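Listed here are the chains, written in short residue letters.
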Amino acid sequence: VIPNKIRMLKKVKNSKDNYIKEPLNLYQPENHFKEEYEHLTDKVLKSIKDVYNKHKDYDWYLKIDDDSFLHYENLQKFLNDKDPKSLTTYGYEISDESGIIDGKFLMGGPGYIISKSAFHLLGVELNKNMSFCENTAAEDRDMARCFKKLNVYPGKSVDKLGRYFFNPFGID
């Protein structure tokens with residue numbers, strides 16, 4: 001049995017500039033039992049809808065694969081000067097050479113960040129119609145097309161030295 005809610009801890013700076021440990025919630029969407037790759041877009045969309053309906057008060061939302069590594073402090077630093085009210089996403093951007101998408105999209109594997117405003121727009125649409133986003137079994141491209149329909153586009157995901165914050169390559 002896969003629980004609907006997996007609890008983890010994250011370090012958060014409190015008002016006294018001390019770090020405290022706080023719960024970090026990860027979700028497995030309710031009523032989702034198909035773990036095959038061709039159902040990944042549906043799983044991501046169901047997760048987004050579920051999280052949107054339960055947790056609308058966050059500035060940023062992270063979609064990340066279970067085999068990815070996240071350095072939380074680096075992510076916090078990266079997002080410090082970003083505006084959660086912007087209609088943007090951040091992640092590892094690549095060109096779509098297949099022609100399915102006009103332009104670039106964010107790879108799903110290394111994860112991507114969705115701003116509060118972009119997440120809200122998507123959540124509202126998914127509550128109206130779960131088929132708002134097309135499912136072609138290519139989750140990252142499907143999400144790019146979906147965000148494009150909402151006028152949400154990728155922001156620059158590099159540091160001051162031009163290094164990527166989201167990296168799809170192994171560390172070995």
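Structure: see above.
Student: I tried to follow the overall build of the chain on my own but got confused; where do I start?
Tutor: Secondary structure assignment for the chain yields four helices and eight strands. Shown N-terminal to C-terminal, the secondary structure of the chain runs as helices and strands in the order β-β-α-β-α-β-β-β-β-α-α-β. Restricting to contacts in the chain with at least 6 residues of sequence separation, those with at least 24 account for 62%. Per element, the accessible surface of the chain, about 11000 Å² overall, is 51% carbon and sulfur.

Student: Explanation requested: the pattern of salt bridges in the structure shown.
Tutor: A pair can form between side chains of opposite charge whenever their charged atoms are brought close. One pass over the full model with this rule turns up seven salt bridges. Between aspartate 50 and lysine 54 there is a salt bridge; the shortest N-O distance is 3.1 Å. Placement of both aspartate 50 and lysine 54 in helix H1 (residues 40–54) is noted, with a separation of four residues, approximately one turn of the helix. Look at lysine 54 and you get partly exposed, because its relative accessible area is 44%. Ionic pairing is found between arginine 145 and glutamate 134, a salt bridge with its closest N-O pair at 3.5 Å.

Student: Please clarify how the environment of threonine 41 should be interpreted in this entry.
Tutor: Mapped onto the elements, threonine 41 comes out in helix H1. A C-alpha to C-alpha distance of 8.8 Å links threonine 41 and cysteine 133, two positions 92 residues apart in sequence. The residues touching threonine 41, leaving out its near neighbours within four places in the chain, are Glu134, Asn135, Ala137, Ala138, Glu139 and Asp142. For threonine 41, the side chain forms a polar contact with the side chain of aspartate 142, separated by 2.7 Å.

Student: Teacher, can you tell me more about the pairing of strand S7 (residues 112–115) here?
Tutor: The two faces of the sheet receive side chains in turn, since in a regular strand these alternate between them. Every second residue of S7 is oriented toward a common face, with Tyr112 and Ile114 on one face and Ile113 and Ser115 on the other, all of them buried. Bridge count between strand S3 (residues 60–63) and S7: four bridges; the pairing is antiparallel. Opposite lysine 63, over in S7, you have tyrosine 112 as the bridge partner. As paired elements, strand S4 (residues 88–91) and S7 share three bridges and run antiparallel to each other. Paired with tyrosine 90 across the bridge in S7 is isoleucine 113.

Student: Explain the sheet that holds S7 here, please?
Tutor: Sheet architecture is open: four strands sit in the order S3-S7-S4-S8, paired in mixed fashion. Looking along the sheet, the strands with just one partner apiece sit at the ends: S3 and strand S8 (153–154). On top of the sheet, helix H4 (residues 139–149) reaches S3, S4, S7 and S8; it is set at about 20° to S7, its chief contact.

Student: What should I look at first to understand the packing of aromatic side chains in this one?
Tutor: Geometry of an aromatic ring pair is reported as the spacing of the ring centres plus the angle between the planes. Counting across every chain of the model gives seven aromatic pairs. Plain terms: the ring middles of tyrosine 58 and tyrosine 61 are 6.1 Å apart, the flat faces sit at 80° to each other, and that makes the pair edge-to-face. Taking relative accessible area as the criterion, tyrosine 58 reaches 36% and is therefore assigned partly exposed. Take tyrosine 61: its relative accessible area is 7%, and that puts it in the buried class.

Student: Can you walk me through the packing of H1 against helix H3 (residues 116–128) in this structure?
Tutor: Relative orientation and spacing of two packed helices are given, respectively, by the angle between their axes and the distance between those axes. The N-to-C vectors of H1 and H3 enclose an angle of 105°; their axes lie 9 Å apart at closest approach. Comparing their axes, H3 and H1 come out roughly perpendicular. Along its contact with H1, which presents Leu45, Ile48, Lys49, Val51, Tyr52 and Asn53, the element H3 presents Phe119, His120, Leu122, Gly123, Val124, Leu126 and Asn127. Looking at side-chain class alone, the contact of H1 with H3 contains eight nonpolar, four polar and one charged residues.

About the criteria used
Each chain carries its own residue numbering, running from 1 in the written order of its sequence. Side-chain atom pairs in this predicted model are given and counted only at pLDDT of 80 or more, local residue features only at pLDDT of at least 70, and totals for whole chains, interfaces and linings cover all residues. Neither water nor hydrogens contribute to the side-chain values; these are computed over all heavy atoms in the structure. Labels follow the DSSP assignment, with helices taken as runs of H or I lasting at least four residues and strands as runs of E lasting at least two, numbered in each case from the N terminus. The contact criterion used throughout is that any non-hydrogen atoms of two residues lie within 4.5 Å. Here the Shrake-Rupley method, with its probe set to 1.4 Å, supplies the accessible areas, and only the displayed protein chains count as covering residues. What makes a salt bridge here is a side-chain nitrogen of Lys or Arg within 4 Å of a carboxyl oxygen of Asp or Glu, nothing more. Using a 1.4 Å probe on the protein chains alone, a residue whose accessible area is under 20% of its type maximum counts as buried, one over 50% counts as exposed, and one in between counts as partly exposed. Any pair of nitrogen or oxygen atoms within 3.5 Å is treated as a polar contact; in protein, a donor-acceptor pairing is required on top of that, and neighbouring residues in sequence qualify only through side-chain atoms on both sides. DSSP calls a pair of strands paired once it identifies at least 2 bridges connecting them. For helices, the axis comes from a line fit to the C-alpha atoms of the stretch in contact; other axes are also lines fit to C-alpha atoms, and the angle between any two N-to-C directions lies between 0 and 180 degrees. Working definition: a ring pair exists when centres of Phe, Tyr or Trp rings (six-membered ring for Trp) sit within 6.5 Å. Plane angles under 30 degrees give stacked, over 60 give edge-to-face, the rest tilted. Here the word oblique covers every angle except those under 35 degrees (roughly parallel), over 145 (roughly antiparallel) and from 65 to 115 (roughly perpendicular). Gly falls in the polar group here, along with every residue not listed as nonpolar (Ala, Val, Leu, Ile, Met, Phe, Trp, Tyr, Cys, Pro) or charged (Asp, Glu, Lys, Arg).

Function cannot be read off these values alone, since they describe shape.
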